[in-house]
Amino acid sequence: MSHAAVGAPGTPRRYLHSLWLLSARDLKVRYSTSFLGYLWSVLDPLVMSAIYWFVFTQIFHRDVGEEPYIIFLISALLPWVWFNSSVSDFTRAFKKDARLVRSTAIPRSIWVNRIVLSKGMEYLFSLPVLVLFIIVNLIVESNPDQTVQIGWGVLWLPVAMFLQAVLLVGLGLLVAPLCVMYVDLERTTALILRAMFYATPIIYNVTDLPGFAQTLGAFNPLAGIFMLYRMPFFPDQWNSFTLIVSVVMTAVILGLGVWTFRALERPVLKEL
C-alpha cells in the first residue's frame, strides 16, 4: 500500500492506520478462533446481566438503584466490561507482542491504544443486549413507573465513551510499562479490579452511599462517567460535582500516564 494511502512514516495518518490494523487484528483473532464468534460479545454481558438482575431483584431485598433495575444495571455493566477487560489486557500489552514492540518503528503507545480501541468496539457490539432489554421492558411492563423512558440524555453517550476512552488511555500508559518493570503488579491489578467492581456505582448509584462515603465514591473517576451512560434513562441521576471530579481525575490520570510512559519507555525495551 502506498504512502499516499496510509501516510508517511511518523505521521498521525500512518499511526492511525497502524492502530486500526492492530485493533482489527485483535478482533479477527478473537472471533475467528471461536465457534460462536461475535455472539460472545452479546452472550457474555447477557448472562452476567441476567445473573445480577436475578440476585438483586429476586433474592435480595434491594433498596438501591432505579426502576427498571435491569436497565439501570446493564447501562453501567456494559461499559464496566470494557473498562475491566482493557485494564486486564494492559498488564500484558508489551509482553504479549514483545518481539513486535522491540522491532517496529511505530510509537509504542499504539500497543496500549489498540486495546482501548478494540475493547471499545466490543462494547459497541454488546449494545444490542441493552436494546433487547429496553424492548422487552416496553412490551412486558404494564406499570408506567417501571417502564423505561429514553430522553435527551442520550446525547451524553458519546461524551461518556470519549471520557472513558481517555481514562483508559491514561491508565494503559501507566499500567503497561509498570507491569513490565514489576511483574507482581499484574496480579495486583487483578485484585484491584475485583475490589473496584463493588467500589464503582454499577449495582448502586453514588447517591445511595451514606454520608462521607458518598463524597468518597464521587472520587472514583468511573462514577461520573457511568452517570452519563445512565442519563438517557435516568436523568434525575445528574450530579455536577461527580462529573467534574471524573473529568479532572481523568485528565490527571492521562497526564500521569503520559509522564510515566515517557520515563519508562527505554527501560521497558531493555527489559523485553
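So, a few notes on the structure that sits alongside this text. All of these numbers come straight from a predicted model, not from anything done at the bench.

Procedures and definitions
- Residues numbered from 1 in each chain as written.
- Predicted model: local features only at pLDDT ≥ 70, side-chain atom pairs only at ≥ 80, totals over all residues.
- Heavy atoms only, no water.
- Salt bridge = Lys/Arg side-chain N within 4 Å of Asp/Glu carboxyl O.
- Helix = DSSP H or I, 4+ residues; strand = E, 2+ residues; numbered from the N terminus.
- Buried < 20%, exposed > 50% of the residue type's maximum accessible area, 1.4 Å probe, protein only.
- Patch = residues over 30% accessible without salt bridge, like charges linked within 9 Å, V, L, I, M, F, W, Y side chains within 5 Å.
- Areas by Shrake-Rupley, 256 points an atom, 1.4 Å probe, with all protein chains shown as cover.
- Phe/Tyr/Trp six-rings, centres within 6.5 Å; stacked < 30°, edge-to-face > 60°.
- Contact = heavy atoms within 4.5 Å.

Some thoughts on the pattern of salt bridges
Line of reasoning, step 1. As enumerated under the stated definition, the model contains five salt bridges in all.
Line of reasoning, step 2. Here D89 ties to R92 by a salt bridge, and the two come within 3.0 Å at their closest N and O atoms.
Line of reasoning, step 3. A salt bridge links E186 to R92; the shortest N-O distance between them is 3.9 Å. One end of the pair, E186, is in helix α9 (residues 185-199); the other, R92, is in the loop between α4 (69-90) and α5 (93-96), and 94 residues separate them in sequence.
Line of reasoning, step 4. For E186, a relative accessible area of 25% gives the class partly exposed.
Line of reasoning, step 5. By relative accessible area, R92 is classed as partly exposed at 36%.
Line of reasoning, step 6. Residues joined in a network through salt bridges with shared partners are D89, R92, K95, K119, E122 and E186.

Some points on a nonpolar patch on the surface
Line of reasoning, step 1. A cluster of nonpolar side chains, contributed by V131, L132, I135, V136, L138, I139 and V140, occupies part of the molecular surface with about 650 Å² of accessible area.
Line of reasoning, step 2. On the secondary structure map, V131 appears in helix α7 (residues 110-140).

Overview of the packing of aromatic side chains
Line of reasoning, step 1. Following the criterion strictly, the structure yields 12 aromatic pairs and no others.
Line of reasoning, step 2. For the pair F226 and Y229, a centre-to-centre distance of 6.1 Å together with 65° between the ring planes defines the contact as edge-to-face. Taken together, the residues span about one helical turn, with F226 and Y229 both in helix α11 (residues 221-230) at a distance of three residues. Take F226 and Y229: they sit in the same class, and that class is buried.
Line of reasoning, step 3. Both rings, one in F233 and one in F234, keep their centres 6.3 Å apart while their planes meet at 65°; by these two values the pair is edge-to-face.
Line of reasoning, step 4. Among the residues examined, F233 registers a relative accessible area of 10% and is labelled buried.
Line of reasoning, step 5. Accessibility expressed as a relative area gives 7% for F234, which makes it buried.

Digging into the environment of M48
Line of reasoning, step 1. Tracing the backbone shows M48 in helix α3 (residues 39-59).
Line of reasoning, step 2. A residue is classified by how much of its surface remains accessible, and M48, at 22% relative accessible area, is partly exposed.
Line of reasoning, step 3. Residues M48 and L77 lie 29 residues apart in sequence; the distance between their C-alpha atoms is 8.6 Å.
Line of reasoning, step 4. In this structure M48 touches L77 and V81, once residues within four positions along its chain are discounted.

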